[in-house]
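Structural overview for review
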Amino acid sequence: LASSSPPQVNVGPNDVYDGNVTCILGLMWTNICFFALRESHPRRETRDEEAALKSSLLDWAASIVRRELPADLRAAFRDGRLFAAVLKRLDPSAPDYDESASVVDNLRRNFLHAERAFDAPLLLDASDQNPLDDEKALVAYLCEFRHCVAQNPTPRRERSAVDLDDLDSPPSRRPDAEDRHDGDDDGDDETSPV
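Residues numbered from 1 in each chain as written. Predicted model: local features only at pLDDT ≥ 70, side-chain atom pairs only at ≥ 80, totals over all residues. Heavy atoms only, no water.

1. Description of the overall build of the protein chain
Within the protein chain one finds 7 helices and 0 strands. Put simply, the protein chain runs from its N terminus to its C terminus through helices and strands in the order α-α-α-α-α-α-α. Considering the protein chain as a whole, with its 194 residues, one finds that 37% of them fall into the buried category. Across the protein chain, every contact between residues at least 6 apart in sequence was considered, and the portion connecting residues at least 24 apart equals 56%. Of the roughly 11,900 Å² of accessible surface on the protein chain, a fraction of 48% belongs to carbon and sulfur atoms. (Helix = DSSP H or I, 4+ residues; strand = E, 2+ residues; numbered from the N terminus. Buried < 20%, exposed > 50% of the residue type's maximum accessible area, 1.4 Å probe, protein only. Contact = heavy atoms within 4.5 Å. Areas by Shrake-Rupley, 256 points an atom, 1.4 Å probe, with all protein chains shown as cover.)

Have a look at this one:
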């Protein structure tokens, strides 16, 4: 951690020891921004990691949907249309944005699809009022989603279709998620007479 040179924040050991939640969460947020930005732009040096990270997420989304976006990350994603457009460009089988449905229902459908198609964890609860209104939660989710897309650029077709019955309950961990390893199967599950 020290060799990575994360930014210094006004948090001392006593703040951590005393359980000062505000200071601890601030420290965690600063490190999330620093390391997420470092992952996406390894050579970028900046004093304001949070602003640089938001800018890099907007640039990433704009490059996918191929249009200019507002400079405000939360405003760009607030209604769920941009996330739906990004997901649709990455995977044409993603659900269309349903104008007759609520923002929450559209987000729930798209979060579930992103989890199934790209292994993006469901970090946000779509049953909240609007999870994209919380900018820190939005940044954290988009960073993880971008990372998952980079790791799994081809969507998984066999589980990408969203069943409307799945919208009422969170998806369970499916055994096929474990099947995506690098083929390190050494045959240990087979019994062999030796």
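2. Observations concerning helix α7 (residues 135–151)
Across its 17 residues, α7 extends 24 Å between first and last C-alpha, which sits within 8% of the 24 Å expected from 1.5 Å per residue. Within the sequence span of α7, burial applies to A137, L138, V139, Y141, L142, C143, F145, R146, C148 and V149. (Expected span 1.5 Å × (residues − 1).)

3. Observations regarding the packing of helix α5 (residues 81–90) against α7
At a minimum axis distance of 13 Å, the contact between α5 and α7 shows a crossing angle of 5°. As judged from the angle between their axes, α5 and α7 are roughly parallel. Each of F83, V86, L87 and L90 in α5 lies in contact with α7, whose residues at this interface are Y141, L142, F145 and V149. Looking at the contact of α5 with α7 residue by residue, the class counts come to 8 nonpolar, no polar and no charged. (Axes fitted to C-alpha atoms, helices over the stretch in contact; angles between N-to-C directions. Parallel < 35°, antiparallel > 145°, perpendicular 65-115°, else oblique. Nonpolar A, V, L, I, M, F, W, Y, C, P; charged D, E, K, R; others polar.)

4. Digging into the confidence of the model for the protein chain
Within the protein chain, residue pLDDT values average 75, and 67% of them lie at 70 or more. Counted against residues more than four places away or in other chains, residues 167–194, with its pLDDT under 50, gives 19 contacts. (pLDDT = per-residue confidence, 0-100.)

5. Section: the nonpolar core
Core analysis: the biggest nonpolar cluster contains 33 residues, and L73, F77, F83, V86, Y141 and F145 have the highest contact counts within it. Where this core is concerned, the elements lending two or more residues are α3 (49–65), α4 (73–77), α5, α6 (103–118) and α7. The dominant element in this core, judged by the number of residues it contributes, is α7, at 9 residues. If we skip the residues at most four places from it in the chain, L73 touches K54, L57, L58, E135, L138, V139 and L142. (Core = buried A, V, L, I, M, F, W, Y, C linked by side-chain atoms within 4.5 Å.)

6. Points about the pattern of salt bridges
If you walk through the whole model with that rule in mind, you get 7 salt bridges. Here D96 makes a salt bridge to K88, at a shortest N to O gap of 3.0 Å. Its salt-bridge partner being D98, residue R109 comes within 4.0 Å of it at the nearest N-O pair. Here the residue R109 occupies a position in helix α6, and D98 occupies one in the loop between α5 and α6, the gap between them amounting to 11 residues. The exposure class of R109 is buried, given its relative accessible area of 13%. The partly exposed category is assigned to D98, whose relative accessible area is 29%. Connected through salt bridges with shared partners, the residues D79, R81 and E99 form a single ionic network. (Salt bridge = Lys/Arg side-chain N within 4 Å of Asp/Glu carboxyl O.)

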